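Geometric and topological summary
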Amino acid sequence: MTAPASPRPRFTRRHAIDLGAVAVLIAVAIIGFGPAFDSPFFLVTGFGALLLGLAVAAIGAWLRWGLLTVAAATVGVYAVFGAPLAVPTTTLGGIVPTLESVIALAGGAVFAWKQFVTAVAPFAASDAFLVVPFLSVLLTAVIAGSIALRARQWAWAVLPTGVLLVLAIAFGTTQTAAPIVQGAVFAITAVAWAAYRRSVTAQQYAAQSGSISTQRRGRRVLAAAGVIALAVGLGAGASAAAAPSGPRYVVRDAILPPIDMRDYVSPLQSFRAYVRDKADETLFTVSGLPEGGRVRLATLDAYDGVVYNVASEGAGASASFQRLGDRIPAAVEGEQAKVDVEIGALRGVWLPDVGYLTGIRYDGDRADDLKRSTFYNRATGVGVVTAGLREGDAYSLDVVVPRTPTRAELEEAAVAPLALPPQQNVPEGSASLASTIVGGADTPFEQADALATTLSTQGFFSHGLEGEAISRAGHGSERIQSLLATPERMVGDDEQYAVTMALLAGQLGLPARVVMGFYPDEDAAGSTFAATGEHLHAWVEIAFDEYGWVVFDPTPPEDQVPTDQQTVPQTELQPQTLQPPPPAQDPVNLPPDVPEDEGNDDDDDNDAFAWLAIVAYVAAGLGVLIVLAAPFAAVLLLKLLRRRRRREEGAPSQRASGAWAEVIDTARDLGAKPPAGGTRRDDARLVADALAAPAVVAVAERADAGVFGPGEPADADVEALWREVDEVVGGMRGSVGFWRRLRSRLSLRSLLSPADKGTRPPKDAAAPAATKDRT
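Notes on the structure in this doc start here. Remember, predicted model here, so these are calculated numbers, not experimental data.

Concerning the environment of Pro 694
Relative to the assigned elements, Pro 694 resides in the loop between α19 (680–691) and α20 (695–708). The exposed category is assigned to Pro 694, whose relative accessible area is 65%. Each C-alpha atom, one on Pro 694 and one on Ala 684, is 8.3 Å from the other, the two residues being 10 residues apart in sequence.

Considering helix α16 (residues 494–507)
End to end, α16 covers 20 Å across 14 residues, agreeing with the expected 20 Å (1.5 Å per residue, within 8%). In terms of burial, α16 is a largely internal element, 12 of the 14 residues being buried. Residues of α16 that are buried: Asp 494, Glu 495, Gln 496, Tyr 497, Ala 498, Val 499, Thr 500, Met 501, Ala 502, Leu 503, Leu 504 and Ala 505. Looking one or two residues beyond α16, the residue adopting positive phi is Gly 509, at roughly 85°.

Regarding the pattern of salt bridges
Summed over the entire model, instances satisfying the criterion amount to 29 salt bridges. Taking the shortest distance from any N to any O, the salt bridge between Asp 493 and Arg 272 comes out at 2.6 Å. With Asp 493 in the loop between β15 (491–492) and α16 and Arg 272 in helix α10 (residues 271–277), this residue pair connects regions lying 221 residues apart in the sequence. This pair shows no difference in class: Asp 493 is buried, exactly as Arg 272 is. The shortest N-O distance in the salt bridge between Arg 647 and Glu 719 comes to 3.6 Å. One end of the pair, Arg 647, is in helix α17 (residues 600–648); the other, Glu 719, is in helix α21 (residues 715–734), with 72 residues separating them in the sequence. With relative accessibility at 28%, the residue Glu 719 sits in the partly exposed group. One continuous salt-bridge network, built from bridges that share partners, spans Arg 642, Arg 643, Arg 646, Arg 647, Glu 662, Asp 665, Arg 668, Glu 719 and Asp 726.

So, the sheet that holds strand β18 (residues 536–544)
Hydrogen bonds between backbone atoms are what pair the strands of a sheet, whose relative direction is either parallel or antiparallel. If you trace the five strands from one edge of the open sheet to the other, you get β9-β3-β16-β18-β19, paired in antiparallel fashion. Each edge of the open sheet is held by one strand with a lone partner, namely β9 (353–354) and β19 (548–552). Relative to strand β16 (residues 512–518), strand β3 (residues 295–300) is paired through five bridges, and the arrangement is antiparallel. Counted as the bridge partner of Val 295 is Phe 518 from β16. The strands touched by helix α14 (residues 444–458) within the sheet are β18 and β19, with β19 carrying the most contacts at an inclination of about 30°. Against the sheet, α16 makes contact with β16, β18 and β19, and its axis sits at roughly 15° relative to β18, the strand it touches most.

A word on the sheet that holds strand β7 (residues 334–343)
A sheet is described by the order of its strands in space; here five strands give the open sequence β10-β13-β7-β2-β17, paired in antiparallel fashion. At either margin of the open sheet sits one strand with a lone partner, and together these are β10 (356–363) and β17 (528–531). For this sheet, the mean inter-axis angle between neighbouring strands, taken without regard to orientation, is 20°. Relative to β7, strand β2 (residues 284–287) is paired through four bridges, and the arrangement is antiparallel.

Parameters and conventions
- Residues numbered from 1 in each chain as written.
- Predicted model: local features only at pLDDT ≥ 70, side-chain atom pairs only at ≥ 80, totals over all residues.
- Heavy atoms only, no water.
- Helix = DSSP H or I, 4+ residues; strand = E, 2+ residues; numbered from the N terminus.
- Buried < 20%, exposed > 50% of the residue type's maximum accessible area, 1.4 Å probe, protein only.
- Expected span 1.5 Å × (residues − 1).
- Salt bridge = Lys/Arg side-chain N within 4 Å of Asp/Glu carboxyl O.
- Pairing = 2+ DSSP bridges.
- Contact = heavy atoms within 4.5 Å.
- Axes fitted to C-alpha atoms, helices over the stretch in contact; angles between N-to-C directions.

Structure representation (structure tokens):
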């Protein structure tokens, strides 16, 4: 008698509605990714992943694929369709994957998640950040679709869609898509789907005429109601999170900065080196600089008594550097401009920029390297290029230059409620001196203006170079203390005066920071600004409510120099017996991020690092593939070990029984379903008909002879039986198609319930003939 083949499940209206409900729930989450991207291409990515995931779930349900087969199909879809949908710029013609596509997909599955929350959003389609919505939507669609089509507790399909919605919001930005609509659509769809499925279930129960108990039916309804309630809660919670009454916090607000600024020396320490050694060298050129615009190199807001620097990790806004996407949301309002910059003699990691960036585009051979290594701080307007700048590097900036408020506006403004890092080791007496300087000034602006005016009018200017008044470099606490010790004899340059004003302003409670940068002379003409060491300056910015950071220049004019004999020509040293030497000028050391050697070694090192980066990406991709392939390899290994155990362990009769168990397990993995409890010959006839393998009957007869025959069979007979089993198993697999054969290799059916389950004795047990296996 031939066992009837199990029919394929029929695709019904219920299945279509289930897939439609899952699609709507996931579509709500896809919309949530909108604020993180600057173009609608993310919709193509998201909905493409949705359709692919539901297709895998539907085909898997129709063909009765196992878990590993569905997982393998999902990996294949990710590898094939991920290139055009997630990393389109790495493909040929936007469709055909390349090696770069494979590396980007493999690395993106691991690293894109962190990069997604540490980069400046919104992102463009040219970035690899599309891997995040593509992979998350694909996995959710496969999991939720499979549960909805195949699981009895279908309502659990709502849970992964709710998790995806929360993920889209948490990984997004402080801007929202359509929070109320998202939450409402999600909740209504979940409830409507639950109502439909409950009516279908009620009809099935009625058709079964009470074959399932009312108690069991009640438990199922309660379980479904619980999951739907959870889903509605997720939708409502996500909606509330997306549209809060106060500030909205997302993962990118709490994530650690991707670079540690403590690795880079404050550029303010190199102030005198630029002035002394680069006075006539063109550091960089700027085209399109707005009238009155300044080129910012670094913004510094943390003072420790030794150096003014960027705040250390987690201590302030100046430490929050993020990777750049193609577009950067505007941090301020003001005049928009486009600025072109070309690097000359400038070295280091600090990126010259103007105002606040909304976009940056690199040109030249190093464009990709520079883009990948650029980090930006939207709060301070500072960029850092960890790859370092070289001569010939060029880039274009889209910027917004804030409007300068009028004096009347500032006199009525309050300071902005900002929490800057506390100043440490401030010179003694700074607080009382600051109070004395501001006198009766009432408003914050009048106080800041009094500080800047006093320093710029009563102090004297000097870089301390040859022929100038003595002026030591540095801005540590001792140097500032000496500057303030004799207010009528203050001598210094931008470095000392800017730091002094910032420290005095901080003692008055004004949020102040020091900015180091460049700007042309007032009488300079022309649209191109060639910045040299002579154009280097430092100034102070103080934050005012509603107006942002306002510039103050506390440095005296360069022609405001002492009139007495304070200049000591460096070519005419005074005898030590007559006059003690002047205090030695502090040596200014170039920071470690300014390369000393500009020869070919740098190119060789960069080429080596480029190859190391490629090797790292390939290794990461291989690692991901190994992790994904590990479950499949484990199944194949377990089956191989089981086969070896059956063939080599135990008495000859047990090995003969194991040979037949190997045939039955292979048949079951291939889809044949011999009934439990039958004899070997009965099972053989069923398997022979189902898999077109008539030789199975002969194997069954020889297995019976080995198990039930008098005494133990000879080892040679058992080996002959196993050789025949190898041929039969090969014929059984050859009778089916490739995909069915592949699924059988990865099937867990025979591992979970093997044909010889419970009949294997311990390895050291002898099986006498009287107690041989009778299965």
